Amino acid sequence: MDLSKYVGNKIKELRERNNYTQDYLAELLNTTRQSVSRYENGDRKANQDVLFDLAEIFNVSINTFFPDSKINKKNITTIYNSLDTDRQTKVYNYAEYQLDEQNASTVNENVVSLDDYRNNVRMQSKVSAGTGILDLDPENAETISYTGKLPNYYDMAFQVSGNSMEPTFFDGDIIFVEKMNEVINGALMVVQIDDEAFIKKVYKNDQHLRLVSLNKEYKDIIADGNNDIRIVGKVVF
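All values reported here derive from a predicted model rather than from experimental measurement.

A. View of the overall build of the chain. For the chain, the helix and strand inventory stands at 7 helices and 9 strands. Going through the 237 residues of the chain one by one, you find that 39% of them count as buried. A sequence separation of at least 24 residues applies to 60% of the contacts in the chain between residues at least 6 apart. Summed over its atoms, the accessible surface of the chain is roughly 13800 Å², and 43% of this surface lies on carbon and sulfur atoms.

So this is what it looks like as structure tokens:
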């Protein structure tokens, strides 16, 4: 089997299922439409970093991009030991979540559905306009009971305040964020501008940073060298 072709077909399938254009997916990956086209055609091999980014974007397991026979030929321990420390942590957290979900499904098969399964989530703060400096000290995180499916992996959780990101995120929704200090153009990110914390769609050029609300009633926010800009991370769910 041509693995590049297999991966390419999966990328195209997931992109079309989510109604993404190649241009939009390229923005999320911080690459070009030509590169996305080459990935999908199998002319260019998507490396490990690209596959992890795609798994986040489409909210699927990294295993989605590999045929079962290919996975089974490699010992999982060998794969795990080949990863760097950060990726090992993500793999471990995902595996632990899968085990918890499996155990909950097995033990409560006749009592509780997976949709009712509650998870304890460490929530850092609220994000919106005017909520003040984000407190990212893990010691100060609030543990809440969260009902619903967790993303494959994340570093922090925040609560949305306000309606500027409707209809995707509503007031009070919990969002999950992967730590990141660089802007990915077109991605949903948590950003702190001076003393205000935001969840917005973010675009960067040489002159400024533009924060875009999904709710069209809100104007874009422009930040530049005169502002104290802090990139917190990318929203993964």
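B. Broad picture of the packing of helix H2 (residues 22-29) against helix H3 (residues 33-41). Contact geometry for H2 and H3: axes closest at 8 Å, N-to-C directions at 105°. When the axes of H2 and H3 are compared, the pair comes out roughly perpendicular. In this structure, H2 uses Gln22, Asp23, Leu25, Ala26 and Leu29 to contact H3, whose residues at the interface are Arg33, Val36, Ser37 and Glu40. Of the residues assigned to the contact of H2 with H3, the class counts are 4 nonpolar, 2 polar and 3 charged.

C. View of the confidence of the model for the chain. Looking at the chain, pLDDT values average 75 and 73% of them are 70 or higher. Within the chain, H2 carries the highest mean pLDDT (90), whereas helix H5 (residues 68-72) carries the lowest (48). Contacts from residues 105-118, a stretch scored under 50 in pLDDT, to residues over four places away or in other chains number 15 contacts. pLDDT under 50 marks residues 128-133. Its contacts with residues more than four places away, or in other chains, come to 16 contacts.

Cut-offs and rules
- Residues numbered from 1 in each chain as written.
- Predicted model: local features only at pLDDT ≥ 70, side-chain atom pairs only at ≥ 80, totals over all residues.
- Heavy atoms only, no water.
- Helix = DSSP H or I, 4+ residues; strand = E, 2+ residues; numbered from the N terminus.
- Buried < 20%, exposed > 50% of the residue type's maximum accessible area, 1.4 Å probe, protein only.
- Contact = heavy atoms within 4.5 Å.
- Areas by Shrake-Rupley, 256 points an atom, 1.4 Å probe, with all protein chains shown as cover.
- Axes fitted to C-alpha atoms, helices over the stretch in contact; angles between N-to-C directions.
- Parallel < 35°, antiparallel > 145°, perpendicular 65-115°, else oblique.
- Nonpolar A, V, L, I, M, F, W, Y, C, P; charged D, E, K, R; others polar.
- pLDDT = per-residue confidence, 0-100.

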